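So the chains spell out like this:
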2 protein chains.
Amino acid sequence: MSYLGVGVSPGNVPVYHASNLKVVDRRVRIAELVLRCLICGLAVLAAVLIGTDTQVKEIFTIKEKAKFTEMKALVFLVIANGIAAAYSLVQVLRCIASMIRGNVLFNKPLAWAIFSGDQLMAYLSLTAVAAAAQSAVFAKFGQTELQWMKTCNIYGKFCNQVGEGMASAVIVSLSMVVLSGISAFSLFRLYGENKGKNTNSRW
Amino acid sequence: MSYLGVGVSPGNVPVYHASNLKVVDRRVRIAELVLRCLICGLAVLAAVLIGTDTQVKEIFTIKEKAKFTEMKALVFLVIANGIAAAYSLVQVLRCIASMIRGNVLFNKPLAWAIFSGDQLMAYLSLTAVAAAAQSAVFAKFGQTELQWMKTCNIYGKFCNQVGEGMASAVIVSLSMVVLSGISAFSLFRLYGENKGKNTNSRW
């Protein structure tokens, strides 16, 4: 009895079932790999765009320099994207290694680790984007009730580059959300209700 | 052959397996119900605390009134918590109904709907909290580089009540994250790799 065919009696089209699962697995793994590569590239782009962004303005003979470190939300965004890029790189290597070896993910501790990591990264990158977006709104439109002035009037070029970095970070966080769905699928289907002894040993 | 025992031959402790799964299901469902009730209560609390928060100050004979509508992030937080409360109430009713009827969730479209709803609510409440937290940091500590003044010096009582509401909103969003994990488990274990014909029909 093959591993994939456990619990399926010989009369219940086991060959079709097994090959069908392989197609699903291949699609899921390719989607995962593409998304992780995309995240890695865009997260680096976002971190570089925001991290290298500077603009110097002379205001009444005083030179003022705008830098991302002046706003905590941008520092958080750069760090979050740096972590996302490093994490995705490790995951890309794992994906490629598992594709070369040709094994399907049936290892629960590893699946739990990937699921937890992906969830954490999705929430981290999304909160970083939300906080940065809120700061960007204040910088762009100001908040007259609180006497917070528009700073993007003064540092236009700086704000534009931050905007480009944030657009990239938004795609990163949305891809992370999709990816956390994929890893949830990979993990929890291991807890299918017809797994017999395998399920018992875990609960 | 019972529904839960499909694919388990009579010699493979099917009774233990079925009763074990029932224990897991009961625990998961109780945890889900408790979390949803908690979210519903705390989301209402957060929305009321922030929504009803006002403070009037006289600054040079001009009366200034602080209200949550002056800051977009707080409006977003109140709306997000209102939606979370309403959504959780509906889900609590569904949980109770399914507990009374005693049926386990084996309905894929419903499981997908619950999973999607929970994911959406988790990300929504988390981004709302992140944006509000960013605004709160500016209000509390100011941003001297950008000439944004500390407003919490002037509106201390207002800021404290917003803080209490935000603490409540933070617990709501963390509970939503746990809940989205539970609903992912409930959905994707339906795609267990030994489900035979059921799996085939979906892919």
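What counts and what doesn't
- Once a new chain begins, its residue numbering starts again from 1 and follows that chain's sequence as written.
- Chain letters and ligand numbers both follow the written order, the letters beginning at A and the numbers at 1.
- The predicted nature of this model means local features are confined to residues of pLDDT at least 70 and side-chain atom pairs, given and counted, to a pLDDT of 80 or more, with totals for whole chains, interfaces and linings taken over all residues.
- Values reported for side chains reflect all heavy atoms of the structure, with hydrogen atoms and water molecules removed beforehand.
- Secondary structure follows DSSP: runs of H or I at least 4 residues long count as helices, runs of E at least 2 residues long count as strands, and numbering of each begins at the N terminus.
- What a helix should span is 1.5 Å times the count of its residues minus one.
- UniProt positions are given in the numbering used here, feature names are shortened, and annotations may be inferred rather than shown by experiment.
- When the sulfur atoms of two cysteines come within 2.5 Å, that pair is taken as a disulfide.
- The cut-offs for exposure are 20% and 50% of the maximum accessible area for each residue type, with area from a 1.4 Å probe on protein chains only; residues under the lower value are buried, those over the upper are exposed, and the others partly exposed.
- Residue contacts are counted whenever heavy atoms from the two residues lie within 4.5 Å of one another.

Turning our attention to helix H3 (residues 108–141) of chain B. Relative to the 50 Å expected for 34 residues at 1.5 Å per residue, H3 of chain B spans 49 Å between its end C-alpha atoms, a close match to the ideal helical length. A positive phi of about 70 degrees marks Gly142 of chain B, the residue just after H3 of chain B.

Moving on: the UniProt feature "transmembrane region" (unreviewed entry) in chain A. All names here are of chain A. Mapped onto the present numbering, the UniProt feature "transmembrane region" (unreviewed entry) falls on residues 33–52, 73–100, 120–141 and 162–188. Taken as a whole, residues 120–141 contains 100% helix and 0% strand, while its terminal C-alpha atoms sit 31 Å from one another. As a span, residues 162–188 carries 100% helix and 0% strand, and end to end its C-alpha atoms are 38 Å apart.

Residue and element names in this part refer to chain A. Under the definition given, this model contains two disulfides over all chains. The side chain of Cys152 participates in a disulfide bridge whose partner is Cys159; the two sulfur atoms lie 2.0 Å from each other. Judged by the torsion about the S-S bond (-85 degrees), the Cys152/Cys159 disulfide is left-handed. Exposure remark for Cys152: the relative accessible area of 12% places this residue in the buried category. The thiol of Cys37 is not disulfide-bonded; the next cysteine sulfur, from Cys40, is found 7.3 Å away.

The next thing to look at is the environment of Met71 of chain A. Structurally, Met71 of chain A can be placed in the loop between strand S2 (62–67) and helix H2 (72–101). Since its relative accessible area comes to 9%, Met71 of chain A is described here as buried. Placed 64 residues apart in sequence, Met71 of chain A and Ser135 of chain A show a C-alpha to C-alpha distance of 8.1 Å. Not counting chain neighbours up to four residues away, the residues in contact with Met71 of chain A comprise Ser135 of chain A together with Phe138, Gln143, Leu146 and Trp148 of chain B.

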